Amino acid sequence: MHAQERTVVFKTVDDRGDMLGYSLVRLLPVGDTSRTYQDISDSTGFTAFRLPDSVSYKVQVQTTGFTFRDSLINMATAPDTIVLRAQVMSNALKGVTVTSRKLMMRQEDDKTIIDPEEIAATSTNAFEMMEKVPALFIDQDGNIFLNSTTPATVYINGREQKMSTADIATILRSLPPNAVERIEILRSPSARYDASGGGGIVNVVLRKGVKIGFTGNVSAGFNQGTYGNQHMGISINNNNGATSYNLNLHTGRRNSWDRIATDRRFSPDSVLSQDAYTTYPAQNVYLGYGISHELDSQWSISYDGRLSLNVSENETTNPSAIRRISTGEESSRSNASIGNDINSYNINQGFQLKYKADTAGSEWVTDLSYSYSPNKTEQQFNTSFELPYNFALSGDGSIDNRLHYFSVQSNYIKKLPKQLSFEGGLKTTNVWFSNTTRYFNNSGTIKLPDNFRTRAYDYNEHIHAAYVQGSKTLAGITLKLGTRAENTNMLGHQQVPSDTSFTLRRTDFFPYAYLSRSIMKIAGYDVRAYLIYRRTISRPSYEYLNPYTRYIDQYLFETGNPSLRPQFTKNYEANISVDERPLLAIGYNDTRDIFTQVVYQSETNRSLAYRTYDNLGTNKETYFRFMGAIPPTKKFFFVAGGQYNHNFYEGLYEGAPLSFKRGSWSFFTYQRFMITPVTQLSLNGFMRLNGISQFYELSGFGALNLSLSHKFFDKKLNVTMSVNDVFFTNNNKFTLDQGSVYATGMRRSDTRRFGMNILYNFGFRKKEEHNMFNVESPDKAN
């Protein structure tokens, strides 16, 4: 017989009845220490648990500056809402240790969990918010890096998106920042996750109306650089215990610029100078919705969906000149202009069925997800030459991409006595992608087909996976072992200009090992050590494989490489955390068949270059990561950290031997100072020294962001003023010196911005029960 369960809400208040946000509430089942419930309350002091009716619990509350006498609740007679009252700490109290505080970053098993609430208040969208998250490093193209030079894989609600970096960045820019509940960072994911996470996984978990009652918020804001961003939205949540639903509607406008100036030497005495300036005006609408229902004490079902629409009109002007280095004499001068009208939308539908097998935590979860992402680009281009003589080239093109993605996964976890657990699962992911590209050149009033750039391409990918994993805790040591098998089937078919195809079928195994134990206590803080090993794969995406030629300007184009091979990485890491906070880590990535973006010069025209992807050889990467923090008090909180990466590439570049070494440093910080109980000053920033992006060697760059927020109307209204990139230092110089290519340049963007965001919370919660007879001290209960 399985016990009946129900949702119980806990509200933490002080002795005057004022809310105590960010308190740690821990529930210990009487007579069973193998199962513990704990959670951090939200800013209003609320948290909720799903608990069996037949169990009694010892309740502990930890919050800075207050004490709470451990109490006992009997679930058979407890109300649905329980108020927990803490007392202000007095100097007369002896032997009281207060260790709980709001954790922006905490270590939980093999993942780091980020609470983005404070950062969200200073951001206009989820992508901008993630740029400010400590320990996430995002480059100017939208790639997210964790502990290596391989970009991380982005999940939303535990589901891989199977989209390009630019498309994922577009979706994140359409998400309102307060729609994100937490960000999970998995630097070395277990066998439960796809083996494609060679650079780790960043899982963006969206809010789903977890608070009892009817609640919501309205938000609006802007930030202004050279151009401005504006956004507004509304979020509604309702939860009556058994059924909950949520609705999130958000719209925004944004614009920014990006400038890239380069000097590429293509012969001993000739250099090509370019200065590309691009603006990115765009509008977006986002609709998120979901509903979940508990069928009984064991079965629950949920449905969630997202719809985002993006319209943008990118425009680029790019003056170019070819000159002799020795004399400065120009032999060619031109100006290219390119306009892209882009219309894209993304529809995502997800279903989840969950079965709770017992009260120990055993469960069976089945998840289905479908996404459809069409993208249509209309491009116009014009190049006007002044040297060697006046003439112009112009034309237009259309690029039509359509992506279908469908996945099904089913995982079962069995919790056994004596801290033993087993789990296993099956998953299938399927991608259907098609591209049709048509280009025309203008000849007077006549349009002539451009057969060089016209392409039609289909790509299908089917990956079927199974995994098993087990863990056991013995004498304080937790050992987790697992393996994952993935069968990969790729089929690419180019129809235009010629009928060619490629096929890849292979099966690979990916072992995983995890060891953890508490090694000591320092001043009451638990110091825990971890050892992790995992083998991963990075498969080339459809945009890397697609052989169609994309026109950048008259001197540069991009093309895919259908012969790319997947790269394999073995990751070894040892790390230490203190009181659930990451402290130190050292790791090693051994990668073979590494592929990356490269720039090659044309053999027939040295002034012409093309960007593509190629397998270069091996990379041996060593990294060291550290972090330190001052525990949050009522006034101040400080966290800072850094990471060092050393890469050693060996292989072939343009057919010539490659040996490239470089070490780089990254630093970050987040600081919060409470001026008054309702006024907060925040500072966050990052700095990178001697950086590397593919084979581009970067100068030092970084950004410092400031924000000031104040709460009104009983903390329901929050107004935040912010300044991003205060000193306009988020720009860099770069050098590319590989093979036949030597180029230098600089890149900067519209990063210095002043803004204001307003968030108003509304609604009501289920009526609170103030009957404290169901909350007794352990002494009285005994």
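Residues numbered from 1 in each chain as written. Predicted model: local features only at pLDDT ≥ 70, side-chain atom pairs only at ≥ 80, totals over all residues. Heavy atoms only, no water.

Undergrad: Describe the overall build of the protein, and please don't skip the residues or the numbers.
TA: The helix and strand inventory of the protein stands at five helices and 49 strands. C-alpha extents for the protein along the principal axes are approximately 95 × 55 × 45 Å. Counting every position in the protein, which comprises 782 residues, the buried fraction comes to 53%. Approximately 34400 Å² of the protein is accessible, and the part contributed by carbon and sulfur atoms is 56%. Side chains of the protein give 83 positive and 74 negative charges; the mean places of these two sets differ by 4 Å. (Helix = DSSP H or I, 4+ residues; strand = E, 2+ residues; numbered from the N terminus. Buried < 20%, exposed > 50% of the residue type's maximum accessible area, 1.4 Å probe, protein only. Areas by Shrake-Rupley, 256 points an atom, 1.4 Å probe, with all protein chains shown as cover. Lys, Arg positive; Asp, Glu negative; His and termini not counted. Charge placed at Lys NZ, Arg CZ, Asp CG, Glu CD.)

Undergrad: An account of the sheet that holds strand β10 (residues 105–108) is needed here, citing residue identities and associated values.
TA: Across the sheet, which stays open at both edges, the six strands sit in the order β10-β11-β16-β17-β14-β15 with mixed pairing between neighbours. Where the open sheet ends on each side, the last strands, each with one partner, are β10 and β15 (159–160). (Pairing = 2+ DSSP bridges.)

Undergrad: Before we move on, can you summarise the packing of aromatic side chains with the specific residues and values?
TA: Under the defined criterion, the tally for this structure stands at 36 aromatic pairs. Look at Tyr653 and Phe695: their rings are 5.8 Å apart centre to centre, the planes differ by 85°, and that puts the pair in the edge-to-face class. Residue Tyr653 is found in strand β39 (residues 636–653), and its partner Phe695 is found in the loop between β42 (692–693) and β43 (696–698); the two are separated by 42 residues along the sequence. Of the two residues examined, Tyr653 and Phe695, each falls in the buried class. Through pairs of rings, three or more aromatic residues link up here, namely Phe452, Phe557, Tyr600, Tyr610, Tyr649, Tyr653, Phe660 and Phe695. When the ring centre of Tyr514 is taken as origin, the NZ or CZ atom of Lys480, which lies over that ring, is 5.1 Å away. One Lys or Arg, Arg688, reaches over the ring of Phe137 and ends 5.5 Å from the middle of that ring. (Phe/Tyr/Trp six-rings, centres within 6.5 Å; stacked < 30°, edge-to-face > 60°. Lys NZ or Arg CZ within 6 Å of the ring centre and 35° of its normal.)

Undergrad: Would you mind going over the sheet that holds strand β4 (residues 46–52) in detail, with residue names and values included?
TA: Read from one edge of the open sheet, three strands run β4-β1-β8, paired in mixed fashion. The sheet terminates laterally at β4 and β8 (81–85), the two strands that pair on one side only. For this sheet, the mean inter-axis angle between neighbouring strands, taken without regard to orientation, is 30°. Across seven bridges, the pairing between strand β1 (residues 5–13) and β4 is antiparallel. Bridging from a neighbouring strand, Phe10 pairs with Thr47 of β4. (Axes fitted to C-alpha atoms, helices over the stretch in contact; angles between N-to-C directions.)

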